[in-house]
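Here is what each chain is made of, one letter per residue.
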Amino acid sequence: MDQQEQEQRIARIAVIEVLGRDGLVRQVQRITRWPARIGRSPNCEVVLDDTHLAAEHALLQWNEGGAASLVLMPSLNGGWLGERRLRAGDAAALKGSATFQLGASHLRWRSNAEALAPEQPMQQHQQRAAKVAGAWVPALLLLWLALLWFDRWSELNPGSPWVDYSSAVLGPLVVILGWAALWSLVTQLFQHRFPFFTHLRRALIVVTGLHLIGIAMPLLAFALSWPRLMVLDAVVFPAGLAALLWWHASLVWPRARRWLALAALSGLATLLVLTVAPRQEQQYWLGPAYLSALPPPALRLVEPKQPQDLIEALRPLEAELARQANKDNESPSTEGGGEE
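Because the structure is a prediction, the values reported are computed rather than measured.

**Quick look at unusual backbone geometry**
Then step 1. In this structure, the amide linkage connecting Trp34 to the following residue, Pro35, adopts the cis form with an omega of -5°.
Then step 2. For Pro35, the location among the structural elements is in the loop between strand E2 (25-31) and strand E3 (36-39).

Here it is, written out as structure tokens:
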């Protein structure tokens, strides 16, 4: 074999990669003989375990011009190249890299003509993310548990036994650990890894942030006399829940982040509609009607309103109440009979 033939043979080395549902490579088969058949038969150069493939489903070949092509052989299910439907006898040109589907198998063709991506440092690409997640988890967990303990402490009488704190602290702890484990199992199913601390860190960031916002909003509304700031109380929680679900799901399906964001926004809109619908007859559609407990007066940053301001604010209701009272007095009585 002369040098030219050797170079041509090397140039015609390619691989077929079998992709999983998450788009990651599950199997790689190297091709050095041409033409190369793809199917379930052991006689094929690329053998796939897919019951939706024919024994010899497709053929990979090089033409005289040095270009590769995919030719479909007789089968029930055919294939797809992008949006193009491929049936028996159809041929499609393959560039240096191409993704196509045969039966239920998603495949990627890569030849020597395709430039490889640069090697990624393992310290930054894999280990660093895991170390950062593990470093933040203890601090976030302690902060969140401290907030839960403070909420319980503010509700109980002084001198209450420690057992009264257990359900308020340990219960949410078990729930969030189970939540992170569940998402880690889903990630294990699709990506074959178990990033428990990454999911736990994301959950802790969101729940701690929501907890701090829930504490800060009433204080700011009282201190600045902005009662309508409490409208955010009905918006922040569903928005935080939608953001958390998107954050978890984007780790499981990183290639579908845009679609996941659209689904999260749709879910948020649905939650807001369900929140607003029962309040149509109330004065305000969002936010609590009043604060059940006022913060300390020392936190008040604006001058308190005078009682006369409250009276003037309620004066427009006087005419409406008088009209309603007259209407009730003028309506015929439905009680008793017409006896004289």
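We are not done yet, so read on.
**Topic: the sheet that holds strand E7 (residues 79-81)**
Strand pairs in the sheet, formed through backbone hydrogen bonds, run parallel or antiparallel to each other.
Then step 1. Strand order across the open sheet formed by six strands is E2-E1-E11-E10-E7-E8, with antiparallel pairing between neighbours. At either margin of the open sheet sits one strand with a lone partner, and together these are E2 and strand E8 (84-86). Sheet twist, expressed as the average angle between the axes of neighbouring strands with direction ignored, equals 25°.
Then step 2. Sheet topology places E7 next to strand E10 (residues 97-102); two bridges connect them, and they run antiparallel. Residue Trp80 lies in a different strand from E10, and its bridge partner there is Gln101.

**Examining the packing of aromatic side chains**
Then step 1. Under the definition given, this model contains ten aromatic pairs.
Then step 2. Seen in terms of ring centroids, Trp34 and Trp109 are 5.9 Å apart; in terms of plane orientation they differ by 70°. Their pairing is edge-to-face. In this pair, Trp34 sits in the loop between E2 and E3 while Trp109 sits in strand E11 (residues 105-111), placing the two residues 75 residues apart along the sequence.
Then step 3. Residue classification places Trp34 among the partly exposed residues on the basis of a relative accessible area of 24%.
Then step 4. What makes Trp109 buried here is its relative accessible area of 1%.
Then step 5. Within the aromatic cluster, the residues linked to one another by ring pairs are Trp149, Phe150, Trp153 and Tyr165.

Calculation rules
Residues numbered from 1 in each chain as written. Predicted model: local features only at pLDDT ≥ 70, side-chain atom pairs only at ≥ 80, totals over all residues. Heavy atoms only, no water. Helix = DSSP H or I, 4+ residues; strand = E, 2+ residues; numbered from the N terminus. Pairing = 2+ DSSP bridges. Axes fitted to C-alpha atoms, helices over the stretch in contact; angles between N-to-C directions. Phe/Tyr/Trp six-rings, centres within 6.5 Å; stacked < 30°, edge-to-face > 60°. Buried < 20%, exposed > 50% of the residue type's maximum accessible area, 1.4 Å probe, protein only.

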